Amino acid sequence: MSALIVLRSINRIIGILFLLCYSYQLLYVPVALLHKKRAKAAASIRRYAVLISARNEEAVIGHLLDSIRRQDYPADSLAAFVVADNCTDGTARVAREAGAVVYERTDRVHVGKGYALNYLLTQIRDAWGDDYFDGYFVFDADNLLAPDYVSRMNETFSQDCQIVTSYRNSKNFGDNWISAGYGLWFLRDAAFLNAPRTQLGLSAVVSGTGYLFSREVMLQGNGWPFHSLSEDTEFTVNSILQGHRIGYCGEAELFDEQPTSLVQSCRQRMRWVRGNLMVFLKEGGRLTAGLLGKNALSCMDLLLSIPPAIVLTVLGVVFGAALTVVEILSGGPLLPMLMATLASFAVPYLLLFLAGALTTLTQWRHIRASAWKKILYTITFPIYMTTYVPITIMALLGKVEWKPIEHRAVMSIQELK
């Protein structure tokens, strides 16, 4: 058998495996589209602590704290805590002036959001005890909250959910194709992954910011023991393995700033890719064993959705490039080879375009951008997603470390709405 035939067979197998891993998500689409919102029962008032890890965020953190103060939730049941983590600006001062309890942390060795959150929880537990707060919200300093955010999350939290994540929207969707790519991905993640997962009784997935966990979860972990490059994925995996089902509240809307620089975006997503890979290398065995437990389908969902995106992408690039080289060296007809290459790019582009278009159409009123930008960035969404190919390879081969993202979308919740 010639090398050409072998490589063609391998590429077909990789393509088939990719489709098999993700085709089940097509079942989520009708669940999301046909879902009707159900009325929620009245929820009792609980006391919540808001955890904010901030590093040189003096430009934006005041607006987040202002949106927290403007919640339609009883103010005496909601306390904001900020850890000014290795800051060299006025973050601590601005946060204190905005009414938050602020702790300043200086640690150049244990760097990252996970370490900062654990430090903050330690300070809160020392000052307030383990039993004062019923739950803990986690936000990034650049976030803004809709006025009913906490009330809506409290309703879902009251339905026997130990962990709840929310609807993640963008402050700066219309800035450029990069911020729009992030925005569409997070909107799709909320509307077409987490929402149908919840409807089907599966666990949602926590994504970076905008989530709530109970006192029991905090005590079970003795604080925040998640310090990987992707602490949100680590938290999700650990929670599901502990038997928790992560709930989703689509009525609780959070606004997040997305990077607009390709360099910053690549650096951030390299961290996500490397972090996710390390989490699954560490916990893959337990997740596989979890296929026999009560959260079997949620374990399968995680195993099928994240690791294949890393492994199959790299294999596809390597063997796809090898096939192209061998075909050229074989001296075959150039036109058929070019057509086959174009087809190999056209099919993924079309699928990604359809995913982006469906998200844009169904979430149209939530997207903060002009109509022509919504249409334009639906077209560029596949390009944004394609950049994950070199990013994934760089994440596996290069040096990856946590670095803060510079925030420039400075606005209040009133200006945004």
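Quick notes on the rules
- Residues numbered from 1 in each chain as written.
- Predicted model: local features only at pLDDT ≥ 70, side-chain atom pairs only at ≥ 80, totals over all residues.
- Heavy atoms only, no water.
- 1 Å grid on protein atoms, 1.4 Å probe; cavity = no way out; pocket = protein on both sides within 12 Å on 5 of 7 lines; lining within 4 Å.
- Points joined across faces, edges and corners; volume = space filled by probe spheres on them.
- Helix = DSSP H or I, 4+ residues; strand = E, 2+ residues; numbered from the N terminus.
- Nonpolar A, V, L, I, M, F, W, Y, C, P; charged D, E, K, R; others polar.
- Axes fitted to C-alpha atoms, helices over the stretch in contact; angles between N-to-C directions.
- Parallel < 35°, antiparallel > 145°, perpendicular 65-115°, else oblique.
- Contact = heavy atoms within 4.5 Å.
- Pairing = 2+ DSSP bridges.
- Expected span 1.5 Å × (residues − 1).
- Bend = angle between axes of the 7 residues up to and from the residue.
- Phe/Tyr/Trp six-rings, centres within 6.5 Å; stacked < 30°, edge-to-face > 60°.
- Buried < 20%, exposed > 50% of the residue type's maximum accessible area, 1.4 Å probe, protein only.
- Lys NZ or Arg CZ within 6 Å of the ring centre and 35° of its normal.

Trainee: Even after reading the chapter, I still don't get empty space enclosed by the protein, so can you show me in this structure?
Mentor: Unfilled space is identified by rolling a water-sized probe across the atoms. This structure, assessed with the given rule, holds two cavities of 30 Å³ or more. Looking at the largest cavity, the residues that line it are T165, S166, R168, F186, D189, A190, N194, S207 and T209. In terms of residue count, helix α7 (residues 177-199) provides more of the lining of the largest cavity than any other element does, four residues in total. Partitioning the lining of the largest cavity into residue classes produces two nonpolar, five polar and two charged. When its volume is computed, the second largest cavity comes out at roughly 30 Å³. Around the second largest cavity, the lining residues are Q264, R267, Q268, R271, E401, K403 and I405. Tallied by class, the residues present in the lining of the second largest cavity amount to one nonpolar, two polar and four charged.

Trainee: Is there a simple way to think about the packing of helix α9 (residues 231-241) against helix α10 (residues 262-289) in this case?
Mentor: Helix-helix packing: each pair is described by the crossing angle between the helix axes and the interaxial distance. Two numbers describe how α9 lies on α10: the axes approach to 10 Å, and their chain directions differ by 10°. Regarding the angle of α9 to α10, the classification is roughly parallel. Listed contacts from α10 to T233, E234, V237 and L241 of α9 are N276, V279, F280, K282, E283, R286 and L287. For the contact of α9 with α10, a count of residues per class yields five nonpolar, two polar and four charged.

Trainee: Hey, could you run me through the sheet that holds strand β6 (residues 163-170) in this one?
Mentor: Pairing between sheet strands relies on hydrogen bonds along the backbone, with the strands arranged either parallel or antiparallel. Sheet architecture is open: eight strands sit in the order β3-β2-β1-β4-β7-β6-β8-β5, paired in mixed fashion. A strand with exactly one partner marks an edge of an open sheet, and here the two such strands are β3 (101-105) and β5 (144-145). Both strand β1 (residues 48-54) and strand β4 (residues 135-140) contribute to a ladder of six bridges, which runs parallel. From the neighbouring strand, L51 faces β4, where its bridge partner is V138.

Trainee: Sorry, what's going on with helix α14 (residues 371-386) here?
Mentor: The α-helix advances 3.6 residues per turn, and as a result positions three or four apart in sequence lie on the same side. Along its 16 residues, α14 runs 24 Å from first to last C-alpha, staying within 8% of the 22 Å computed at 1.5 Å per residue. At T380, α14 shows its strongest bend, of approximately 40°, with the proline P382 following within four residues.

Trainee: Where do I start with the packing of aromatic side chains in this structure?
Mentor: Any two aromatic rings considered together are summarised by their centre-to-centre distance and by the angle between their planes. By the definition in use, this model includes 29 aromatic pairs. Judged by centre distance (6.4 Å) and plane angle (35°), the ring pair of Y182 and F186 falls under tilted. Of this pair, Y182 and F186 are both found in helix α7, four residues apart, which corresponds to roughly one turn of the helix. In terms of burial, Y182 and F186 fall into one category: buried. Through a chain of ring-to-ring contacts, the aromatic side chains of F81, W128, Y132, F133, Y136, Y211, F213, W224, F226 and F235 assemble into a single cluster. Directly above the aromatic system of Y132 lies the positively charged group of R47, at a separation of 4.1 Å from the ring centroid. The aromatic ring of F186 is capped on one face by R168, whose charged end is 3.7 Å from the ring centroid.

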